Number of protein chains: 2
Amino acid sequence: MDRSDLISDIAERKLVSRLCGIFSQDECGSIMAGAGKDDCAVLDISDEDCMVITTDMLHLKTDFPAAMTPWQIGWMSAAVNLSDVASMGAKPMGFLSALGVTKDMQLGDAEDISRGMDACAKFCDTSVIGGDIDLHDELTITGTALGMVKKEHLLRRTGAKPGDLVCVTGNAGSAGAALLAIQHDLDVSDELLNTLLEPVPRTDEGQKLAKTGAVTSMMDTSDGLAMSLYDLMDSNGIGFRIYEGQLPIDDEVCSLVGEDDALELALYTGGDFELLFTVSPSMVEAAKSVCYLNVVGEVTDDTLITMINREDAEVSIYRKGYVHLGRFDNI
Amino acid sequence: MDRSDLISDIAERKLVSRLCGIFSQDECGSIMAGAGKDDCAVLDISDEDCMVITTDMLHLKTDFPAAMTPWQIGWMSAAVNLSDVASMGAKPMGFLSALGVTKDMQLGDAEDISRGMDACAKFCDTSVIGGDIDLHDELTITGTALGMVKKEHLLRRTGAKPGDLVCVTGNAGSAGAALLAIQHDLDVSDELLNTLLEPVPRTDEGQKLAKTGAVTSMMDTSDGLAMSLYDLMDSNGIGFRIYEGQLPIDDEVCSLVGEDDALELALYTGGDFELLFTVSPSMVEAAKSVCYLNVVGEVTDDTLITMINREDAEVSIYRKGYVHLGRFDNI
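- Per an unreviewed UniProt entry, chain A is named Thiamine-monophosphate kinase, and its organism is Methanococcoides methylutens.
- In UniProt, chain A has this text filed under Function (unreviewed entry): "Catalyzes the ATP-dependent phosphorylation of thiamine-monophosphate (TMP) to form thiamine-pyrophosphate (TPP), the active form of vitamin B1."

In structure tokens, the structure reads:
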């Protein structure tokens, strides 16, 4: 990479890594995890507790499908950040919103956006505690979410060990299927549409799972299952073997697009905001006792991600999915 | 106000107040100050400590003068947020940046923005701990800054009492004069230009002042001295009498535009990021012992803001200054 390279020609994760390299974080003793290391930054705030914090910028063109109401836009802006707090096992402590509104927006729409944020924050047992408002050419919302967690319960992307089981809450590919349905005007249930339009941050599940002590590593699946598996692989230096037959795919999605495309959606589309985590085999019942989950595979010791398909053949899962620099890669 | 009113027809502070009214903050016991109440939201995180947090969205068109280098853009994005942390008397604990870059930006410029942020965070004895990157049509940076402060040292906008003295760190109107100089291609010192292009967050002064116990209320002057005085008036139900002869105005600004226009700049232009605070008269020496400040007036018991001018006449200070919804009002 060279200084004169255009941003649009650089892969997102490479760009993030390059910019994070600029930040001199080692000098501040209170930082337990800094930029680029996890779903949230982690601050050491007392002997027992740490604070997690995350920020996400969303905007009309790439993040809010045209079918989204202002209320849903507000909900979504809070949900994407609270999902990151969930993935650290933390209890949400507040949400802040920097709202860039357009001149021609009506007050009622700005109010509905605020109501959607408020509803999502409340759902996660917290509140909108602050923010900023600005005039912008394109509707742009940057959310920031905070959470607190006992140090002993903090979940990180690191910690997965070979032999651990791979688990996921909820379904995979539903949000991707909903987007496909909207784009192609397909008739689907409101329940399926809402997986995309009103994603549910798994803050309750995250906290409960953290307290079991069963989880060895965790992150959310907002960038898609495959991309998230690759992120965990990169963080842990391990690999995964996933079983196609164990992937939780909604029946409606299979009926809508067929089994092959449903698998494609489950692996390679983002927007589901489920928790993806690893559990030591002896503790899986403890994890199952606190929330709905599916065991979808196991951690291996080689840095490869494969899938045992329905014909019992081992095939590759590819490093692709949702990247934030502008587009869904594959639908 | 009506649901169909356009955002652009509503005064900023009215809009903020309307939207803040939507957020149900009373249900969360850990919120000591929520949306719209202060320069930062305040969370109760332990018996002794609280955390302050603030977010600000800046973008190319309205917040970054064309003369700003990418490094300065990065510095500025951090500075505006760290100044809010300073105004609560808190120690900065981290900065997060959501960076919306344009497709045609070169990597080197994004790196320089990151370096500017890093330098400003370091200057304030903290680090860039996290963030997000996104492609955007207009360069847009939302910063979030965190700080911690002992509850007994937390400074709020509320607390000013009649008879208190009004103080300000640094100069008033310098950033406004620098903007004027850039707009009209006037020859000025780099030192003056940098008050606009590289504003210094008063985090050190804020913490030291907080520890003296002398300060009864505090905020920063980012929206201009007059607007900030009105904000303190609204928060405290008190008024102010300011003395023109005591206003700290840089000699270069007076030479550049003459005394009358310099006064106009000192009162009504934003961007200075100094601390404006009230002190009980018996404690003013304690405040002076920890940082450079000027006493510029006193708190009165009527909700009026006046100024004793150089002819010893009492004149009004008006409610005008920098508002974030798009423009400087008066230059």
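There's more to say after this.
### As for the environment of Thr269 of chain B
Residue and element names in this part refer to chain B.
Thought 1: By the secondary structure assignment, Thr269 is in the loop between helix H10 (259–268) and strand E10 (275–279).
Thought 2: It is 4.9 Å that separates the C-alpha atoms of Thr269 and Gly224, two residues lying 45 residues apart in sequence.
Thought 3: A polar atom in the side chain of Thr269 sits 2.7 Å from the backbone oxygen of Leu265.

### Here we look at the relation of the copies chain A and chain B
Thought 1: With an RMSD of 0.0 Å, the operation that places chain A on chain B is a rotation of 180° combined with a shift of 0.0 Å along the axis. Taken together, the turn and the small shift mark the pair as related by a two-fold rotation axis. Considering only C-alpha atoms, the residue of chain A closest to the rotation axis is Thr142 of chain A, which sits at 3.3 Å.
Thought 2: Both copies share a contact surface, since 99% of the interface residues of chain A are interface residues in chain B too.

### A word on the UniProt feature "binding site: Mg(2+) 3" (unreviewed entry) in chain A
Residues and elements named next belong to chain A.
Thought 1: When the UniProt feature table is mapped onto this chain numbering, "binding site: Mg(2+) 3" (unreviewed entry) sits at Asp39, Asp84 and Asp220. With the annotated positions falling across 182 residues, the maximum pairwise C-alpha distance of 7.8 Å places them together in a single cluster.
Thought 2: The residue Asp39 is located in the loop between strand E1 (31–33) and strand E2 (41–44) in this model.
Thought 3: Among the polar contacts listed, one links the side chain of Asp84 to the side chain of Thr54, at a separation of 3.2 Å.

### With respect to the sheet that holds strand E4 (residues 91–101) of chain B
Neighbouring strands of a sheet are bound in pairs by backbone hydrogen bonds; such pairs are parallel or else antiparallel.
Residues and elements named next belong to chain B.
Thought 1: Judged by pairing direction, the sheet is mixed, and its six strands sit side by side in the order E1-E2-E3-E6-E4-E5 without closing on themselves. Only two strands of the sheet have a single partner each, and these edge strands are strand E1 (31–33) and strand E5 (128–135). Here the strands of the sheet are splayed against their neighbours by 20° on average, with no regard to which way each runs.
Thought 2: Here nine bridges tie E4 to strand E6 (residues 140–150), and the two strands are oriented antiparallel to one another. Across the sheet, residue Ala98 finds its bridge partner in E6, namely Thr142.
Thought 3: Packing against the sheet, helix H3 (residues 70–86) makes contact with strand E3 (49–59), E4 and E6, and its axis sits at approximately 145° to E3.

### Observations regarding the pattern of salt bridges
In a structure, side chains of opposite charge can pair up when their charged atoms sit close to one another.
Thought 1: Tallying each qualifying case throughout the model produces 48 salt bridges over all chains.
Thought 2: A salt bridge links Arg157 of chain A to Asp39 of chain A; its shortest N-O distance comes to 2.5 Å. On the criterion of sequence distance, the pair formed by Arg157 of chain A in the loop between strand E6 (140–150) and strand E7 (165–168) and Asp39 of chain A in the loop between E1 and E2 is long-range, its members being 118 residues apart. The burial state of Arg157 of chain A is the same as that of Asp39 of chain A; both residues are buried.
Thought 3: A salt bridge links Lys208 of chain B to Asp204 of chain B; the nearest nitrogen and oxygen atoms lie 3.0 Å apart. Of the two residues, Lys208 of chain B and Asp204 of chain B both sit in helix H7 (residues 203–212), four residues apart, roughly one turn of that helix.
Thought 4: The network of salt bridges with common partners includes Asp38, Asp39, Arg156 and Arg157 of chain A.

Rules behind the numbers
Residues numbered from 1 in each chain as written. Chains lettered and ligands numbered in written order. Predicted model: local features only at pLDDT ≥ 70, side-chain atom pairs only at ≥ 80, totals over all residues. Heavy atoms only, no water. UniProt positions renumbered as here; feature names shortened; annotations may be inferred. Helix = DSSP H or I, 4+ residues; strand = E, 2+ residues; numbered from the N terminus. Polar contact = N/O pair within 3.5 Å; in protein donor to acceptor, adjacent residues only side chain to side chain. Least-squares fit on C-alpha atoms with pLDDT ≥ 70 in both. Contact = heavy atoms within 4.5 Å. Pairing = 2+ DSSP bridges. Axes fitted to C-alpha atoms, helices over the stretch in contact; angles between N-to-C directions. Salt bridge = Lys/Arg side-chain N within 4 Å of Asp/Glu carboxyl O. Buried < 20%, exposed > 50% of the residue type's maximum accessible area, 1.4 Å probe, protein only.

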